[in-house]
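Listed below, chain by chain, are the residues.
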Amino acid sequence: MSKELITKKEFSDMVRVASHRLEKNAKFVNSLNVFPVPDGDTGTNMSLTIQSGFKAVNESESENVGVLGKALAKGLLMGARGNSGVITSQIFRGFSKSIEDKDSLTAMDLAKAFDDGVKTAYKAVMKPVEGTILTVARYGAEAAMKKVESTNDTIEILQAVVAGAKVGLEKTPSLLPVLKEVGVVDSGGQGLVFIYEGFLEGLSGQVSNDEEYVPDEKDMSEMVNASHHQSAQGQFNTDDIENGYCTEMMVELGDNPTSDEKFDNERLRSYLDTIGDSLICVSDDEVVKVHVHTNYPYKVWEAGRKYGSLSKIKIDNMRLQHETIVEEDEPFENAEAPKEEAKQLDYAVIAVSSGEGLAKLFESLGVTNIISGGQTMNPSTNDIVDAINKSNAKRALVLPNNGNIIMAAKQAVDLVDIPVAIVATKTISQGMTAMLSFNPESDLEDNKENMEDSLDTVKSGQITQAIRDTEIDGLKITKGHYMGIVDGKILVDDADIIAGTEKMLDKMIDEDSEVITILVGKDGNTEDAQKVADYLDDKYADLETEIHQGDQPVYPYLISVE
């Protein structure tokens, strides 16, 4: 069987089967996470991301594959969850841009789209790390570009993509130390392979297996020694500010440009990449929006003015913790709006947490909006955008409280109309500590700086139950035992939850420690928490211990030491 053209039907089938295949195998992808805790979520995040893309394609009435590609990219962008979900959305942003003017796709169109998708994804990540989903995508694209030299069959192109991606997946442990240590493949890369396999099956009509993937003995040996995927994907996130000005602009294309040069998004993006980082440059037929950290804001504006007028600009001085906003007011478009509007907040502080008790604690510290989610259910970019838009505030701070949510939160910044800063909190404990430094009288960048500076003063501990036997960093872990995880590293394994908690605290406390907070989860109880507090009073008489009901899932106890 061969197929020279991909039309609407084939493209829709490809996305549909890919969504279905990843959904069926999300549990397996989750199992590839490094730590043996019941919170592996890479498969879930990627599955929800691709489902959002399929929904957008399914709702489109266009017969044009280029239009469907644009719908796919938009759906993925708005539904992106977790780091791997965000990277997946960037791959298909480049893919869709490549095919935007195509009614149908040839083998060359398809191969080039995969290649352009990889280039876009690498540029979207300021410090690309090999051994991740990026590597898998790159190997798949390279195989496609090589294969297209000898065939015009789109099925053969996808066969090459799948084969190449699998080669890249097998190489991930040798490219990334955290994976090599335990001999496991990258979970995000595995998720992408399932997507590509779904594409192939949807195009060929030959679905190999509708059931969940069952790993063979080799796969199982890798899974037993799995390492926490966030440790690998976490390398995508960085708070290092090498360029001092956060600069944004929106360009109205063709409106009194200073140059006759035809607009090219890739050319503009490539230029801006030479003068800054944290770059996002997206466009359609009418506008281009840019966000970049640079030491030369005026060069950014000059580059934009070549193609049209600047309808919106903003600059934040991050080095001096001084923010200056120059932004034109937008016209009020809703003539039917109520005469009496709710009072607009000066600040919205939005936190991600799971558990009624945690929500109440955050609200008592000054948080105005809670997004329900966390380790077992990462909110999507769209969830964060909705929370910002519904906050009715002039500006907003977002506390992700999870390392795997930070990238989705940063992506949301450029999809809303108010200034937003992301405080890079990776744990609930960090989120609460950050709120103690929040000053409603300070500007966004001052608050972001001060809140992030405070994160170094807190140690975050988590108690949870191991779901399998394994060994990590020389520590033997037994299924059913309680693990003590301190700032992302497993330090304790104990059959008794109280003893394990006490041992973890002994490793967290030092001469600078003053206050210990115990948050009791759904699977914990205040009686056991009080026993731990009594132990601390006896051994560390000078420390103050607080116990609060958090109601969080997965972790019976979350503990902070400050």
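Up top you'll find the structure we're talking about.
Colleague: Now, about the packing of aromatic side chains: what can you tell me, with residues and values included?
Modeller: Applying the stated criterion to the full structure yields eight aromatic pairs. Here Phe28 and Phe194 contribute two aromatic rings whose centre-to-centre distance is 6.2 Å and whose plane-to-plane angle is 80°, an arrangement assigned as edge-to-face. Linking Phe28 in helix H1 (residues 8–31) with Phe194 in helix H9 (residues 187–204), this pair joins segments that are 166 residues apart in sequence. Comparing Phe28 with Phe194 shows no difference in burial state: the two are buried. Between the aromatic rings of Tyr347 and Phe438, the centroid separation amounts to 5.3 Å while the plane-to-plane angle is 85°, which identifies the pairing as edge-to-face. Residue Tyr347 is found in strand E6 (residues 345–353), and its partner Phe438 is found in the loop between helix H17 (428–435) and helix H18 (444–453); the two are separated by 91 residues along the sequence. Both residues of the pair, Tyr347 and Phe438, count as buried. Put simply, the rings of Phe92, Phe95, Phe114, Tyr196 and Phe199 pair up and form one aromatic cluster.

Colleague: How would you summarise the sheet that holds strand E8 (residues 393–399) if you had to cite specific residues and measurements?
Modeller: The strand order across the open sheet formed by four strands is E7-E6-E8-E9, and the pairing between neighbours is parallel. If you trace the sheet from one side to the other, it starts and ends with strand E7 (369–372) and strand E9 (420–422), each paired once. Going across the sheet, the axis of each strand differs from the next one's by a mean of 20°, ignoring polarity. Summarising the sheet, E6 and E7 pair through four bridges and their orientation is parallel.

Colleague: Quick one: what's the story with the side chain of Ser62, residue by residue and with numbers?
Modeller: Along the chain, the position of Ser62 falls in the loop between helix H2 (42–59) and helix H3 (65–79). Judged by relative accessible area, Ser62 falls into the buried class, the value being 19%. A polar contact of 3.0 Å, which involves the side chain of Ser62, links it to the backbone nitrogen of Asn64.

Colleague: How would you sum up helix H16 (residues 406–413)? Please name residues and give values.
Modeller: For H16, a buried count of seven out of eight residues is recorded, marking the element as mostly surrounded by other parts of the structure. Listed in full, the buried residues belonging to H16 are Ile406, Met407, Ala408, Ala409, Gln411, Ala412 and Val413.

Colleague: Tell me about the packing of H2 against H3, and please be specific about residues and values.
Modeller: For any two helices packed against each other, one specifies the inter-axial angle together with the distance between the axes. Remark: H2 packs on H3, axes separated minimally by 7 Å, with the N-to-C direction vectors making an angle of 140°. Seen from above, H2 lies across H3 with right-handed handedness. On H3, the residues touching Leu48, Thr49, Ile50, Ser52, Gly53, Ala56 and Val57 of H2 are Leu68, Ala71, Leu72, Gly75, Leu76 and Gly79. Counted by class, the contact of H2 with H3 contains eight nonpolar, five polar and no charged residues.

Colleague: Break down the sheet that holds strand E13 (residues 482–486) for me, citing the residues and quoting the values.
Modeller: On the basis of which strands lie adjacent, the open sheet formed by six strands has the order E14-E13-E10-E17-E15-E16 and mixed pairing. Both edges of this open sheet fall to strand E14 (489–494) and strand E16 (544–549), since each of them pairs with a single strand only. Here the average twist between neighbouring strands, direction ignored, is 20°. As defined by bridge partners, strand E15 (residues 515–520) adjoins strand E17 (residues 557–561) across five bridges and the pair is classed as antiparallel. Across the sheet, the residue bridging to Thr517 is Ser560, located in E17. Across the face of the sheet, H17 comes into contact with strand E10 (459–465), E15 and E17 while running at roughly 45° to E17. Contacts from helix H20 (residues 526–539) reach E15, E16 and E17 within the one sheet, and its direction differs from that of E16 by about 175°.

Colleague: So, the nonpolar core: which residues are in play, and what are the values?
Modeller: Proteins that are soluble and globular tend to have nonpolar side chains buried together. One finds Phe11, Phe92, Phe114, Ile195, Tyr196, Phe199 and Ile384 to be the most contacted residues of the largest nonpolar core, which totals 81 residues. With residues up to four places along the chain from it excluded, the contact list for Phe199 reads Met14, Val15, Ala18, Phe92, Phe114 and Leu158.

Colleague: Pulling in residues and values, what's your account of the side chain of Arg269?
Modeller: Positionally, Arg269 belongs in helix H12 (residues 265–274). Within the buried set, Arg269 has no salt-bridge partner at all; the shortest N-O distance to an opposite charge, 5.0 Å, is to Glu266. Reaching out from Arg269, the side chain makes a polar contact with the backbone oxygen of Lys123 at a distance of 3.2 Å.

Colleague: Any chance you could break down the pattern of salt bridges for me, citing the residues and the numbers?
Modeller: Under the definition given, this model contains 25 salt bridges. Put simply, Glu452 and Lys448 hold a salt bridge, and the shortest N to O gap is 3.0 Å. In this pair, Glu452 and Lys448 are both assigned in helix H18, four residues apart and thus about one turn of the helix distant. One exposure class covers both Glu452 and Lys448, and it is buried. For Lys459, the salt bridge goes to Asp510, with nearest N and O atoms at 2.9 Å. Note that Lys459 is positioned in strand E10 and Asp510 in the loop between helix H19 (497–508) and E15, a separation of 51 residues in sequence. Each member of the salt-bridge network shares a partner with another, and the members are Arg21, Lys166, Glu197 and Glu201.

Conventions used here
- Residues numbered from 1 in each chain as written.
- Predicted model: local features only at pLDDT ≥ 70, side-chain atom pairs only at ≥ 80, totals over all residues.
- Heavy atoms only, no water.
- Phe/Tyr/Trp six-rings, centres within 6.5 Å; stacked < 30°, edge-to-face > 60°.
- Helix = DSSP H or I, 4+ residues; strand = E, 2+ residues; numbered from the N terminus.
- Buried < 20%, exposed > 50% of the residue type's maximum accessible area, 1.4 Å probe, protein only.
- Pairing = 2+ DSSP bridges.
- Axes fitted to C-alpha atoms, helices over the stretch in contact; angles between N-to-C directions.
- Polar contact = N/O pair within 3.5 Å; in protein donor to acceptor, adjacent residues only side chain to side chain.
- Left-handed = near helix turned anticlockwise from the far one by under 90°.
- Contact = heavy atoms within 4.5 Å.
- Nonpolar A, V, L, I, M, F, W, Y, C, P; charged D, E, K, R; others polar.
- Core = buried A, V, L, I, M, F, W, Y, C linked by side-chain atoms within 4.5 Å.
- Lys, Arg positive; Asp, Glu negative; His and termini not counted.
- Salt bridge = Lys/Arg side-chain N within 4 Å of Asp/Glu carboxyl O.

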